[in-house]
Amino acid sequence: MANTYSFTKAVSLTDYQPAFITGSKLQSWNWQQFTTIKQSDRLTEQVFSYTGLGLPRQTGEQNPFYFDEMRELGATTFTNVKYTLSTRFSYELIKYDKHVRDLMKKAGKTMGESHAYLRDQQVAQVFNRAFNSSYPMYDSVELCGSHTLDDGTSLDNDLTAASMSFDNLWAMIDHFSLSTYNHKGLLIQPKAKWLVCNPTLRKTVEKILETDREPDQGDWNKNTVGNKGIIPVYCPLITSTTAYFL
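Basis of the calculations
- Residues numbered from 1 in each chain as written.
- Predicted model: local features only at pLDDT ≥ 70, side-chain atom pairs only at ≥ 80, totals over all residues.
- Heavy atoms only, no water.
- Helix = DSSP H or I, 4+ residues; strand = E, 2+ residues; numbered from the N terminus.
- Buried < 20%, exposed > 50% of the residue type's maximum accessible area, 1.4 Å probe, protein only.
- Contact = heavy atoms within 4.5 Å.
- Areas by Shrake-Rupley, 256 points an atom, 1.4 Å probe, with all protein chains shown as cover.
- Arc of directions from axis to C-beta.
- Patch = residues over 30% accessible without salt bridge, like charges linked within 9 Å, V, L, I, M, F, W, Y side chains within 5 Å.
- Salt bridge = Lys/Arg side-chain N within 4 Å of Asp/Glu carboxyl O.
- Core = buried A, V, L, I, M, F, W, Y, C linked by side-chain atoms within 4.5 Å.
- pLDDT = per-residue confidence, 0-100.

*Asks:* I keep staring at the overall build of the protein chain and nothing clicks. Help me out?
*Replies:* When helices and strands are counted, the protein chain shows 5 helices and 7 strands. Starting at the N terminus, the α and β elements of the protein chain follow one another as α-β-β-α-α-β-β-α-β-α-β-β. Relative to its 246 residues, the protein chain shows a buried fraction of 22%. Long-range contacts, defined as pairs at least 24 residues apart, comprise 67% of the intrachain contacts of the protein chain with a sequence gap of at least 6. Counting every atom, the protein chain has about 18,000 Å² of accessible surface; 53% of that belongs to carbon and sulfur.

See below:
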C-alpha cells in the first residue's frame, strides 16, 4: 500500500524554516568613535583650513600696534563615488520559494551588510595608507610623514619604529606634549584619546592600560598611563600587525 513514507516527495515531509544570514548587522570595528559622517548631494566638495595668529609683540607707548596675518592653507577635496552590488534570482525561484520565504528581502539585507563592511574597510584605509606617499594630504605629504607648517616649522608625526610597550606609548604621549605645533609655530599640546591598532596587539595594549602597576618591570611602580583616559580601538582591517596610532 502506498503511504506517506513511500511517497515522501509527493507530500514533502521536509519544510524549511526561514533562511538566516550569518553575521547580521556587521560592524568589524568601532570607527564611529572618532569619525564624522558627512552627507553631500554634490559630486565634489572642498574645505580649507587657515592659520591663526602668532605671538603678540611688546609695543611701546604710542607706538603702532603689531599686525600679524592669517593665511589660507591648502584645500581638502571630497569626491563622491558610487559602489554597486547586485544579485539575480530566476523567475521560477521567486515563484516557488515558499519553503524558504521572502528570499529577496533577505538578499537586500545582506547587500546592506556588504556595503557596511566596505565602509569599515574604507575608514581603515586611512591607517593602511598612512605611510604611503601615493596617498598624500593637502600638502602632498603622507599622513605619517614630515610636514612643513606655514611658518616653516617641521612637524613629523611618525616616531622611530618601536614595538608596542609601556615606555614607547609614553614616548607617543610626550610627543603630543612637546612636538605638536600650529601653523604659527605655537606649541598646542593636544590630548591623546584613542589608540588604534590591529587586534593582534590587544594582549599587550590591555596589559599596558588596565594594570594598576607598570607592566614588565621589577619595580612596583604605579601605572602612570592608566589614568590618561586612552581608549583602545581594535581594527582587524589594519593590515599591519605591528603599527599602532595614538
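*Asks:* Even after reading the chapter, I still don't get helix 5 (residues 202–210), so can you show me in this structure?
*Replies:* Structurally, the α-helix is built with 3.6 residues per turn, so residues lying three or four positions apart point the same way. Along helix 5, the residues that are buried comprise Val205, Ile208 and Leu209. The arc that holds every buried residue of helix 5, seen down its axis, measures 85 degrees, which confines them to one face. In this structure, helix 5 carries Lys203 and Glu210 as exposed residues pointing more than 90 degrees from its buried face. Where the residues of helix 5 are buried, they touch helix 4 (166–178), strand 5 (194–197) and strand 6 (231–234).

*Asks:* Can you walk me through a nonpolar patch on the surface in this structure?
*Replies:* Together, Phe48, Tyr50, Leu53 and Met70 make up a nonpolar patch on the protein surface, roughly 460 Å² of accessible area in all. Structurally, Leu53 is set in the loop between strand 1 (44–50) and strand 2 (72–79).

*Asks:* How should I be thinking about the nonpolar core in this particular structure?
*Replies:* The nonpolar side chains of a soluble globular protein tend to be buried, and buried together. Counting residues in hydrophobic clusters, the biggest one holds 15 residues, and the most contacted among them are Val205 and Val225. When contributions to this core are tallied by element, the ones reaching two or more residues are helix 4, strand 5 and helix 5. Broken down by element, the residue count for this core peaks at 4 residues, all from helix 4. Once residues within four sequence positions are removed from consideration, Val205 is found in contact with Met164, Leu195, Cys197, Pro232 and Tyr234.

*Asks:* Explanation requested: the confidence of the model for the protein chain in the structure shown.
*Replies:* Detailed reading of the predicted coordinates is not advisable wherever pLDDT falls low. Per-residue confidence for the protein chain averages 86 on the pLDDT scale, and 88% of its residues sit at or above 70. Element-level mean pLDDT values for the protein chain span from 58 in helix 1 (residues 8–11) up to 97 in strand 5.

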